[in-house]
Amino acid sequence: MTTALLLAVTLVTVASRVLPMTLLPTPHGRAADVLDALPAPLFAALAAVALLGGGDLPEPPVLAAAAGALLGALRRSLLLTLVCGLAGFALADLLLA
Amino acid sequence: MDRSPRAGLLLDALPVAAAIGVFGVIYGASAAPVLGQGATVASSVLLFSGAAQFTMVGLAQAGASPEGVLVAVAALGLRHVPLAAVVLPRLPAGRGRRGLLALVLLDETVGLAVARTRPAAPTMVAVGLGAYAAWVAGTAAGVLGTDLLGAAEVAGVVFVILFVGLSALTCRSRADVRRAAGAAVLTGAATLAAPAAGAFAAVVVAVACSATVRRRREDPDGTRTTAAADRPGTRTAAPAGTGAEVRP
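Residues numbered from 1 in each chain as written. Chains lettered and ligands numbered in written order. Predicted model: local features only at pLDDT ≥ 70, side-chain atom pairs only at ≥ 80, totals over all residues. Heavy atoms only, no water.

Looking up chain B in an unreviewed UniProt entry gives the name Branched-chain amino acid ABC transporter permease, with the organism given as Cellulomonas cellasea. Recorded in UniProt for chain B, the comment headed Sequence similarities (unreviewed entry) runs: "Belongs to the AzlC family." Check the Subcellular location (unreviewed entry) section of the UniProt entry for chain B; it says "Cell membrane". (UniProt positions renumbered as here; feature names shortened; annotations may be inferred.)

Put into structure tokens, the structure is as follows:
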């Protein structure tokens, strides 16, 4: 890994963030509706990738973590979501160990 | 800003920083033997992208060409396009300001910016800076050999938890819940069938699911995120009745 490659990767990564933020037009009409509805399914899909990205079904403690996170999310608190998710993971890991 | 929104912002930023810090330790410990200690920390300072950095290290370890590394990182960067498209209506106009906010364009900053009724730009900055500090500090700790008890085991689950939480926080109606559930199922099936599809499949499926949304009407008070954003220098208002109030 050379310095030049690291700088090139930096440029690509920064550009991938800055260009859409500065060049994308503000959406209107139907596009605005679709984009407004995008976050929930997008994060749910990313959660599925995080769960199954290895190509195998997840271990029970990981499923318990996801279930705990869903319970914590009912209070609309990200901190509580993290705590409940980790608690679910730890409890399942302990019970199944 | 009064105290309650500040407290809410802090309570949102902390779990993100904690999760990213844990991953930073993992990255630092795994990348240092491949890149060297200095380059590992420098990569976190410069890139601030776990996906790109882990990919870069993996490819470097596998002996990939520099061109291959750049193409892979560029492909990962495409994910920023829908993130930017989602958050832009909630940001003030001005390319300069948006360009600066782009430096903290992450899944987590966008998720919290759209899930809460507080102004999106300060949310992105506060959560993003906290995440950045945690990422660099975690990387440095990993490089120095810090071995958080069970960090590796926990690291595999924290982003599942975060994404589940962000999805739930950005649901504002039962229809949103149905679209999110559908996206999770479809993406899960696609990922099991073709693991390499990964984040690309997630974006395609999510856009397809969100395209089923019914056309929204103007709220009685006239707030609508995109309409307000057309006017220069105007901050956008969150959609009325979202129920996404700040709560510690």
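A. Seen up close, the UniProt feature "transmembrane region" (unreviewed entry) in chain B. The UniProt entry lists residues 7-29, 124-144, 150-171 and 183-208 of chain B under the feature "transmembrane region" (unreviewed entry), expressed in the numbering used here. End C-alpha to end C-alpha, residues 124-144 of chain B measures 30 Å, and it is 95% helix and 0% strand. (Helix = DSSP H or I, 4+ residues; strand = E, 2+ residues; numbered from the N terminus.)

B. Spotlight on the interface of chain A and chain B. Facing 65 residues of chain A, the contacting portion of chain B comprises 101 residues. Considering only the surface of chain A that becomes buried against chain B, Arg17, Met21 and Arg76 of chain A emerge as the three largest contributors, covering 13% of it. For the interface between chain A and chain B, the tally reads 2 salt bridges. The salt bridge partner of Arg90 of chain B is Asp36 of chain A, with a shortest N-O separation of 3.0 Å. Taken together, the connections running from chain A to chain B amount to 14 residue pairs in polar contact (both at pLDDT 80 or more). Listed by contribution, the elements that provide at least two residues to the side of chain A that touches chain B are helix H1 (3-23), helix H2 (29-36), helix H3 (39-52), helix H4 (60-73) and helix H5 (78-96) of chain A. Sort the elements by how many residues they give to the side of chain A that touches chain B and H1 of chain A lands first, with 16 residues. (Contact = heavy atoms within 4.5 Å. Buried area = accessible area lost by both parts, 1.4 Å probe. Salt bridge = Lys/Arg side-chain N within 4 Å of Asp/Glu carboxyl O. Polar contact = N/O pair within 3.5 Å; in protein donor to acceptor, adjacent residues only side chain to side chain.)

C. How the structure looks around helix H10 (residues 174-193) of chain B. All names here are of chain B. Spanning 20 residues, H10 covers 29 Å between terminal C-alpha atoms, matching the ideal 28 Å at 1.5 Å per step. Every buried residue of H10 is accounted for by Asp176, Arg179, Ala180, Ala183, Thr187, Gly188 and Thr191. Down the axis of H10, the sector holding all buried residues measures 165°, keeping them to one side. In this structure, H10 carries Arg174, Arg178, Val185 and Ala193 as exposed residues pointing more than 90 degrees from its buried face. (Expected span 1.5 Å × (residues − 1). Buried < 20%, exposed > 50% of the residue type's maximum accessible area, 1.4 Å probe, protein only. Arc of directions from axis to C-beta.)

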